[in-house]
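# Tertiary structure, described
Chain by chain, the residues:
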Amino acid sequence: MKIIQSYERFIPAIGGAETYIANLVENMQDTDFEIVTYLLPDTQENETYSKNCTILRIKPVVEIPKTKLGVGKEILKDIIRARRVNTYLKKSSADIIHIHAPSMLSWLFWLDKKIFWSLLLSRPLLYKKFKKPVVLTIHQLYYQSYEIPFENDRFRHKIFRKIIDVSDAIIAVENYSYDYLNSYLKKHNIKKKLYKIHNSVNTKTFEFKHNKIRKKLKLLYVGRITSEKGIDFLIDFIKKMPDYIEFNIVGSGPKEDLNLFKEIMTKNVNVLLHKNISFKNLVNLYQNCNLVLNPVKFQAITRVTLEAMSCGRPVIMISRGNRYPVIHGKTGYLIEEDIDSLLNLINKVNKNRKQLIEFGKNARKIIEQEFSNEVIIPKIKKVYEDSIKNGKKV
């Protein structure tokens, strides 16, 4: 069996979709993979990723635009890359084409809602029907807002619908995206196989470590420092953070957000910012903290939550939508989107730190039973096998 993984910016061990693909390749050694992605700076067009996987990077090279003219050029380059990827996928002899969305649409999803752009740019980017079965994994369904905008935006909805139409099977990795897609398919009378298969965790890499009680309560944040990830919440917390907390932050983000964040952070010696750390050091930070704060505003679990729980660390999240496997008072904590709610919780945890040990063990147990590679990867493999057996339907 040969499977193509199509995702626009594949950098191993960086980002959710990249980790998802890497987990598949590493845990399906009896399967041949080809990753079709964009050519990034300092990468080669053809690479060998592993014994069972190669990488094809499509030109022209992706660049970060610094001016409005640069943005325009990058949009045009995105169109060229997307058309070349589609042409390659149509001619492929692979048994399965696995598309990861949002994919090949990064610049277009952020465009202003103008009819001119819609007519000019959407036509060449819409996926064509492929001869081979297509599996689509939806990694996220939010953009500038925290809710799902597709049906209220004619341009984005057109692209989103086209990706749905060319797919034979759809995998949702988050509870909220599964619920939305299930409702969407029924509303528009679309007959597709829809699966809820969560992201998986390498429980050997994200190894359980005993939660040590120290003088300082060690709190950790991992993620981009942006509004949708809760930067305003983090800033408010740092301003009022108790002295008994050591707060480690792993992240990057837009220059404006980072500068604001650094300005606030320098006023508190108990806050440490880590940038561009190695994968090994990230695991060590999980294992050496007592508690992880993940105040994402959108309705998702996120990979950070799963990795922290795998290491035996309870997670604090905002109570919005279905946050399972974070169970308040068992594997972690759910709070209101209010700084006083967080401060009150931290105060209670500080007075009873031993509960962190129990919650951490509960968290690890759920990850092993429901979210480990050993549990999740066979489910995805079954989707592949069923898709090949059922053949092309669209």
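Within the protein chain, the regular secondary structure consists of 12 helices and 14 strands. Relative to its 394 residues, the protein chain shows a buried fraction of 54%. Taking contacts inside the protein chain between residues at least 6 apart in sequence as the whole, the part at least 24 apart equals 71%. Total accessible area computed for the protein chain in this model is approximately 18500 Å², and 51% of it derives from carbon and sulfur atoms.

Two numbers describe how helix α11 (residues 354–371) lies on helix α12 (residues 373–390): the axes approach to 5 Å, and their chain directions differ by 25°. As summarised for this structure, α11 and α12 are arranged roughly parallel, according to the angle between their axes. Across the interface between the two elements, Glu368, Gln369, Glu370 and Phe371 of α11 pack against Asn373, Val375 and Ile376 of α12. Looking at the contact of α11 with α12 residue by residue, the classes come out as three nonpolar, two polar and two charged.

Moving on: the nonpolar core. Core analysis: the largest hydrophobic core is formed by 59 residues, its most contacted members being Leu181 and Tyr286. For this core, the leading source of residues is helix α5 (residues 175–187), giving five residues. Leave out the neighbours within four places in its chain, and Tyr286 touches Phe206, Leu220, Val222, Val292, Val304, Glu307, Ala308, Cys311 and Arg313. Formed by 30 residues, the second largest nonpolar core is a distinct cluster that contains Leu219, Leu234, Ile339 and Ile346.

Two side chains of opposite charge can pair, provided their charged atoms sit close to one another. Taken as a whole and assessed by the stated rule, the structure comprises 12 salt bridges. Of the charged contacts in the structure, one is a salt bridge between Lys59 and Glu45, with a shortest N-O distance of 3.8 Å. A residue pair is termed long-range when its members are at least 10 positions apart, and Lys59 in the loop between β4 (53–58) and α2 (68–91) and Glu45 in the loop between β2 (32–38) and β3 (46–50) qualify at 14 residues. The network of salt bridges with common partners includes Asp232, Lys297, Arg320 and Glu337.

On to the pairing of strand β5 (residues 96–101), then. Within β5, six of the six residues are buried, leaving the element largely enclosed by the surrounding structure. With burial as the criterion, each face of β5 is covered, one bearing Ile96, His98 and His100 and the other bearing Ile97, Ile99 and Ala101. As judged from the four bridges shared by strand β1 (residues 2–6) and β5, these two strands associate in the parallel manner. Residue pairing for β5: Ile3 is matched across the bridge by Ile96. Pairing geometry for β5 and strand β6 (residues 134–138), over five bridges, is parallel. Bridge pairing in β6 places Ile97 opposite Val134.

Turning our eyes to something else, we now look at unusual backbone geometry. Trans peptide bonds make up most of the peptide bonds, and negative phi angles are found at most residues other than glycine. The omega torsion across Lys59 and Pro60 is 0°, close enough to zero to call that bond cis. One can find Pro60 in the loop between β4 and α2. In the segment running from Tyr324 into Pro325, the intervening peptide bond is cis, with an omega of 20°. Of note in this structure, Asp42 is not a glycine but carries a positive phi near 65°. Among the secondary structure elements, Asp42 is positioned in the loop between β2 and β3. The phi dihedral of Asn189 falls on the positive side, at around 55°, and the residue is not glycine. By the element assignment, Asn189 lies in the loop between α5 and β8 (193–196).

One open sheet holds the eight strands; their spatial order is β3-β4-β2-β1-β5-β6-β7-β8, and the pairing between them is mixed. Of all strands in the sheet, those bounded by a partner on one side alone are β3 and β8. The sheet shows a mean angle of 20° between the axes of neighbouring strands, direction not considered. Bridge analysis of β1 against β2 gives five bridges, and the strand direction is parallel. Each residue of the ladder has a partner; that of Ile4, found in β2, is Glu34.

Along its 13 residues, helix α10 (residues 339–351) runs 19 Å from first to last C-alpha, staying within 8% of the 18 Å computed at 1.5 Å per residue. Of the positions making up α10, those classed as buried are Ile339, Leu342, Leu343, Leu345, Ile346 and Val349. Buried residues of α10 fall within an arc of 160° about the axis and therefore sit on the same side. Exposed residues lying more than 90 degrees from the buried face of α10 are Lys348 and Lys351.

So, about the sheet that holds strand β12 (residues 291–293). In space, the six strands of this open sheet follow the order β11-β10-β9-β12-β13-β14, with parallel pairing throughout. Two strands bound the open sheet, and with one partner strand each, they are β11 (271–274) and β14 (332–335). Here the average twist between neighbouring strands, direction ignored, is 25°. Here two bridges tie β12 to strand β13 (residues 315–318), and the two strands are oriented parallel to one another. Bridge pairing in β13 places Leu293 opposite Ile316. The strands touched by helix α8 (residues 279–288) are β9 (217–222), β10 (245–250), β11 and β12; relative to β9, the strand with the most contacts, the crossing angle is about 140°.

On to the side chain of Arg364. Relative to the helices and strands, Arg364 is located in helix α11. By relative accessible area, Arg364 is classed as buried at 11%. Arg364 has contacts with Thr203, Phe206, Glu207, Phe208, Met309 and Ser310, leaving out every residue within four places of it along the chain.

Rules and cut-offs
Residue numbers here run from 1 along each chain, matching the order of that chain's written sequence. For a predicted model such as this one, the threshold for reporting local features is a pLDDT of at least 70, and the threshold for listing and counting side-chain atom pairs is 80 or more; totals across whole chains, interfaces and linings nevertheless cover every residue. To get the side-chain values, all heavy atoms of the structure are used, and hydrogens and water are removed first. Helix numbers and strand numbers start at the N terminus; a helix is a DSSP run of H or I with at least 4 residues, a strand a run of E with at least 2. Relative accessibility decides the category of a residue: with a 1.4 Å probe and only protein chains considered, values under 20% of the type maximum give buried, values over 50% give exposed, and everything between is partly exposed. Contacts are residue-level and defined by heavy atoms, with any inter-residue pair within 4.5 Å sufficient. Using the Shrake-Rupley algorithm and a 1.4 Å probe, accessible areas are obtained, with residue cover drawn only from the displayed protein chains. For every element, the axis is a line fit to its C-alpha atoms; helices are fit only across the contacting stretch, and the angle between N-to-C directions ranges from 0 to 180 degrees. An angle below 35 degrees is read as roughly parallel, one above 145 as roughly antiparallel, one from 65 to 115 as roughly perpendicular, and any other as oblique. Note on residue classes: Ala, Val, Leu, Ile, Met, Phe, Trp, Tyr, Cys and Pro are nonpolar, Asp, Glu, Lys and Arg are charged, and everything else, Gly too, is polar. Nonpolar core, defined: a set of buried Ala, Val, Leu, Ile, Met, Phe, Trp, Tyr and Cys residues in which side-chain atoms within 4.5 Å join the residues together. Each reported salt bridge corresponds to a side-chain nitrogen of Lys or Arg within 4 Å of a carboxyl oxygen of Asp or Glu. Here, any two strands with at least 2 DSSP bridges between them count as paired. Helix span, as expected, comes to 1.5 Å for every residue beyond the first. Relevant arc is that of directions from the helix axis to the C-beta atoms, nothing else.

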